[in-house]
Amino acid sequence: MIRTRRTVHGRAHRHSRAAATAGAAVAVLALTAVTAGCEPQAAGSTPSAPSPAPTSGGPTDDAKPGADEPGTPTPSASTAPGKPASTPPKPTATATRAPAPDPQGKVLMASGAQGKQVRELQARLRQIGHFNRTPTGYYGTVTVTAVQSFQGKRGLSRTGKADTLTWQKLLGMTHEPTAAELNPPTTRPVAKPDKRCMKGRVICISKNSRSLSWMIDGKVISSMDVRFGSQYTPTREGTFSVYWKSRHHVSTLYDSPMPYAMFFSGGQAVHYSSDFAARGYNGASHGCVNVRDEGKIASLYAQVRNGDKVVVYN
């Protein structure tokens, strides 16, 4: 019996020591968890699942297109949990006042314009005494002055530009120009021919009247407007003869076209000039005799032969 009590007592003592050892192990684990920064769980309890992050009722910035792209700013630390990062307000555009429309309407033609409508404008202005020259098809200073004159007489702003209102008033006061009004045969009366022009086949050119007459045995076959060289490149005067014809000639000195060229003195020739047709007497040649009516110079070119006389006089 005594041996039995000792045995029981020994077993109870060993059990007590085991329990003490287990308790010490639990204490060590708890201490280790605290020092690692983890929230300790109660011994024997089931770890709870991590609670979901709070969300707001609306979409966050991540839900916007491009939010996941590199370089997208992230919410700052001051942003309240569950709320999207604030977006800076967009600058509002300053309202600008549209310019007031021109009371005389859209500008149809102005200085520097050229073409058939400009020629019609000039012809119509000439019908009522505001343009005293042959239409050229070029809107230069003379045309500007003529339009200003017309506008002033009609109580319009004297802009010198052919706007919608000016054009409509002009159409109402004039008739459609005839072919002769658009392209008169000559601007000035043909001068009395020089005596050297009275015999044979002669291109008779007067600097005084700025006209050219094609004559055969003293009879004028056709006449046309011409212009000459400037004071720095004057057209030579005297009696010459056509020595070369070149239908599609281009100047080697000035790289400019000289259609229907009929050379009579060195590099000087009678030829068509598109610049003369457009600008009239506002320009000058480099010494040649310019013709502005292409139809007439084409006809003359077809009739003239090499060797025909050319007379240039004042």
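Rules used throughout
- Residues numbered from 1 in each chain as written.
- Predicted model: local features only at pLDDT ≥ 70, side-chain atom pairs only at ≥ 80, totals over all residues.
- Heavy atoms only, no water.
- Core = buried A, V, L, I, M, F, W, Y, C linked by side-chain atoms within 4.5 Å.
- Buried < 20%, exposed > 50% of the residue type's maximum accessible area, 1.4 Å probe, protein only.
- Helix = DSSP H or I, 4+ residues; strand = E, 2+ residues; numbered from the N terminus.
- Contact = heavy atoms within 4.5 Å.
- Pairing = 2+ DSSP bridges.
- Expected span 1.5 Å × (residues − 1).
- Arc of directions from axis to C-beta.

Trainee: Even after reading the chapter, I still don't get the nonpolar core, so can you show me in this structure?
Mentor: One broad trend across soluble globular proteins is that nonpolar side chains are buried collectively. Judged by nonpolar contacts, the single largest core of 23 residues is most densely connected at Ile-205 and Val-270. Within the residue set of this core, elements represented by two or more residues are strand 3 (201-206), strand 4 (211-216), strand 5 (219-227), strand 8 (257-265), strand 9 (268-272), strand 10 (289-291), helix 7 (294-303) and strand 11 (309-313). Excluding its chain neighbours within four sequence positions, the residues that come into contact with Ile-205 are Ser-211, Leu-212, Val-226, Phe-228, Val-270, Val-289, Val-310, Val-311, Val-312 and Tyr-313.

Trainee: How do you make sense of unusual backbone geometry when you look at a structure like this?
Mentor: For residues that are not glycine, phi is negative in most cases, and the peptide bond is trans in most cases. A positive phi is found at Asp-255, a non-glycine position, where the angle reads about 55°. Position of Asp-255 relative to the elements: it lies in the loop between strand 7 (244-250) and strand 8. In this structure Asp-255 comes out as exposed when scored by relative accessible area, which is 65%. In the Ramachandran plot, Tyr-260 falls in the positive-phi region, its phi being about 60° despite a non-glycine side chain. Here Tyr-260 lies in strand 8. Look at Tyr-260 and you get buried, because its relative accessible area is 9%.

Trainee: I keep staring at the pairing of strand 7 and nothing clicks. Help me out?
Mentor: The pairing of strand 7 with strand 8 spans 6 bridges and is classified as antiparallel. Considered in strand 8, the bridge of Lys-245 is made with Met-262. Between strand 7 and strand 8, which pair antiparallel and follow one another directly, the connecting turn spans 6 residues, one of which, Asp-255, has a positive phi of 55°.

Trainee: Hey, could you run me through helix 3 (residues 141-153) in this one?
Mentor: Along an α-helix, a turn takes 3.6 residues, which lines up residues three or four apart on a common side. Over its 13 residues, helix 3 runs 19 Å from end to end, which matches the ideal 18 Å to within 8%, given 1.5 Å per residue. The complete set of buried residues in helix 3 reads Thr-143, Val-144, Ala-146, Val-147, Phe-150 and Gln-151. Around the axis of helix 3, the buried residues are gathered within 165° of arc, so they sit on the same side. Facing away from the buried side of helix 3, by more than 90 degrees, are the exposed residues Thr-141 and Lys-153. Contacts made by the buried residues of helix 3 are with helix 2 (116-127), strand 2 (162-163) and helix 4 (164-173). Of the residues one or two after helix 3, Gly-155 is the one with positive phi, at around 75°.

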